[in-house]
Amino acid sequence: MNFIEEIIEEDIRNNKNDAKVKTRFPPEPNGYLHIGHAKAICIDFGMAQKYGGTTNLRFDDTNPVKEDVEYVDSIREDIHWLGFQWAEEHYASDYFEQLYQWAEQLIQEGLAYVDDSTQEEISAMRGVPTKPGTHSPYRNRSVEENLDLFRRMRAGEFPDGSKVLRAKIDMDSPNMHMRDPIMYRILHAHHHRTGDKWCIYPMYDYAHGQSDSIEGITHSICTLEFEVHRPLYDWFCEALKIHHPQQIEFARLNLSYTIMSKRKLMQLVQEKHVMGWDDPRMPTICGLRRRGYTPQSIRNFAETVGVAKRDNIIDVSLLEFCAREDLNKVATRTMAVLDPVKLIIDNYPEGQTEEVDAVNNPEDPNAGTRKLPFGKELWIERADFREVADKKFYRLTIGSEVRLKYAYIIKCTHIDKDAEGNITAIHVTYDPETKSGLPLSNRKVKATIHWVNVNHAQEAEVRLFERLFNVPDPDECEEGQTFIDHINPDSLHVTKAFVEETINLNNKADYYQFERTGYFCVDKDSTDGHLVFNKTVSLKQ
RNA sequence: UGACCAAUGGUGUAAUGGUAGCACUACAGUUUUUGGUACUGUCUGUCUAGGUUCGAAUCCUGGUUGGUCAACCA
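Quick notes on the rules
- Residues numbered from 1 in each chain as written.
- Chains lettered and ligands numbered in written order.
- Predicted model: local features only at pLDDT ≥ 70, side-chain atom pairs only at ≥ 80, totals over all residues.
- Heavy atoms only, no water.
- Buried < 20%, exposed > 50% of the residue type's maximum accessible area, 1.4 Å probe, protein only.
- Helix = DSSP H or I, 4+ residues; strand = E, 2+ residues; numbered from the N terminus.
- Right-handed = clockwise from strand over helix to strand, strands pointing away.
- Near = heavy atom within 4 Å.
- Polar contact = N/O pair within 3.5 Å; in protein donor to acceptor, adjacent residues only side chain to side chain.
- Nonpolar A, V, L, I, M, F, W, Y, C, P; charged D, E, K, R; others polar.
- Pairing = 2+ DSSP bridges.
- Contact = heavy atoms within 4.5 Å.
- Axes fitted to C-alpha atoms, helices over the stretch in contact; angles between N-to-C directions.
- Phe/Tyr/Trp six-rings, centres within 6.5 Å; stacked < 30°, edge-to-face > 60°.
- Lys NZ or Arg CZ within 6 Å of the ring centre and 35° of its normal.

**Re the pairing of strand β8 (residues 219–223)**
Of all 5 residues making up β8, 5 are buried, and the element is well covered by its neighbours. Each parallel crossover has a hand, and the one from β8 via helix α8 (residues 230–240) to strand β9 (residues 246–250) is right-handed.

The structure is reproduced here in structure tokens:
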């Protein structure tokens, strides 16, 4: 049981909130969701599910200059894809009028004032964490003057940045957020939902807790950096005498060999270090989706990393483990040769083709079988043959035997080479008595290799991905460096492969395992005559 | 020279005063028509110094280390 569950169970025992649980996931629509958000989503929705409650989706759209509907749509899609359904969809901007009324109420009670100081002056008066701040000369304006000014702010009488509304709290507080925090700023900006109705916009601290309160949220779960905001969250709820949700903070997810900051991910996209937000190398949810991760694997990952308050860097190998674990159960097996070399069965009848049975998924009997065309000339992996083999290599070498999966046991006799010494063909003989299913096929051989028929395979593009960064913590930089300097210049390899001809856009599985190689999925760049596969993750070697 | 938060194997995370466990990683072995899967095993841990207690990873005090906070961002 994690510490959030402990808090919730304690609250239920004490019949707090009538023993109900209601959470929310509150993204700002200013970027795409990433694996860190996936963790938060799994916690927000997971806690409510576990305790019989519901979860709202609320867009924290209080800053019109950064936000856009493009992001709203992608966020909705990503949450659904992950497998969660929100009870209600809300927008902080839906509460602007209520928030405004509450602001007037605080002014009436002498708890808020309009400040004409410049940004620089306010910053200077706020002081530093180790030294108290000083009072603004506007701090003791009358209620009437404050009210008049605030109403004229709303009416649009003042230019951007000329005035702000501040809460009157404590300029001596060791917590910077309590030093008369700004509640409203003037922004003559077009909002993606409210249009030009408003020219003053509430700050996060003035909007978030009250939005939670309006929705009747019981447990407002967020990341650690908001811990210092909690006294302010509490202050507004108390000052307004409204329902007071409990803010609970947990440590955000960090993943080795990647970055998680929205700003930096945006930079990767804008500077074209990647193909887009959904580039399979990106830690975004849409990137992982395109990479071939299953929603289940991401949910398992979020469950496995746990929830605590200590800073962490999760090893990407755990994410990869979760991918393999789920993909092993659901991926359709197929034969694909990524680095082909021709194999010729010299004693196999010229022009003959026979069908062999192949299992679609050994982990799932219901997945059935399919027929594969076997013949005299096959493609096999170049790496499955070695001219000089050491003891640990037990695949094909001159004089040795291996099994061609679902077909025959073969023995290598000799090889052809070109002028440069590259192997152009591998000659073998087969034993007709060893066809899979026949009694003699049970003979022990050291290895089984995969193949595709030269005359039946189709060519496909395969995109292989390496880590986007070549250091575990790309944010750790030497003087004068940035995370950009840690980008792995070799993170994308595009190659041609031969795959079974049965796969096409009308007849494709969601997830494939290329036997003995790894997990792959069909990329959206595919067209009818040209399949593109993305490698999700290798099989464990 | 501030306040707040946190410290358990290489990485995460449990143990809520009573046998330090689990997962990943790494390495061995068994099974296998995928060098996959499954199964078994091995290695490695309570930041530090005191205190309370029959007994401390757990409670207390000091220290050390890491993180957060000084946007009209969220």
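Here the narrative resumes.
**A few points about the protein's contact with RNA strand B**
Neighbouring residues of RNA strand B: 67 residues in total, closest Glu6, Arg310, Arg333, Ser436 and Arg516. Among the atoms of RNA strand B lying within 4 Å of the protein, the sugar-phosphate backbone contributes 63%. With respect to RNA strand B, the backbone of Ile313 contributes an N or O atom lying 2.8 Å from a phosphate oxygen. Separating a sugar or linking oxygen of RNA strand B from a side-chain N or O atom of Lys405 is a distance of 3.4 Å. Among the secondary structure elements, those contributing two or more residues to the surface near RNA strand B are α5 (119–126), β6 (182–186), α11 (295–305) and α12 (316–330). Among the elements that take part in the surface near RNA strand B, α12 stands out by supplying 4 residues, more than any other. Its residues assigned to classes, the surface near RNA strand B comprises 23 nonpolar, 22 polar and 22 charged.

**As for the sheet that holds strand β10 (residues 332–334)**
Taking strand neighbours across the sheet as the criterion, the 7 strands line up as β10-β23-β24-β25-β21-β22-β11 in an open arrangement whose pairing is mixed. The sheet is open, and its two edges are formed by β10 and β11 (336–337), each paired on a single side. For strand β24 (residues 518–522) and strand β25 (residues 532–538), the ladder comprises 5 bridges, and the chain directions are antiparallel. Opposite Val522, over in β25, you have Phe533 as the bridge partner. In the packing of α12 onto the sheet, contacts are made with β10, β24 and β25, and the angle to β25 comes to roughly 115°.

**Observations concerning the sheet that holds strand β4 (residues 112–115)**
The antiparallel open sheet is built from 4 strands, whose spatial order is β4-β5-β6-β7. Two strands in the sheet have a free side with no partner beyond their single neighbour: β4 and β7 (200–202). Averaged over neighbouring strand pairs, the angle between their axes works out to 20° when direction is ignored. Examined bridge by bridge, β4 and strand β5 (residues 164–167) share 4 bridges and lie antiparallel to one another. What sits directly across from Val114, in β5, is Leu165.

**Remarks on the packing of aromatic side chains**
Any two aromatic rings considered together are summarised by their centre-to-centre distance and by the angle between their planes. Applying the stated criterion to the full structure yields 23 aromatic pairs. Geometrically, the ring pair formed by Tyr408 and Tyr430 is edge-to-face, given 4.8 Å between the ring centres and 80° between the ring planes. Of this pair, Tyr408 sits in the loop between β16 (401–404) and β17 (409–417) while Tyr430 sits in strand β18 (residues 423–430), placing them 22 residues apart in sequence. Comparing Tyr408 with Tyr430 shows no difference in burial state: the two are buried. The ring centre of Trp81 lies 5.3 Å from the NZ or CZ of Arg289, which sits over that ring. Looking at Arg467, its charged tip hangs above the ring of Tyr257, at a distance of 3.9 Å from the centre.

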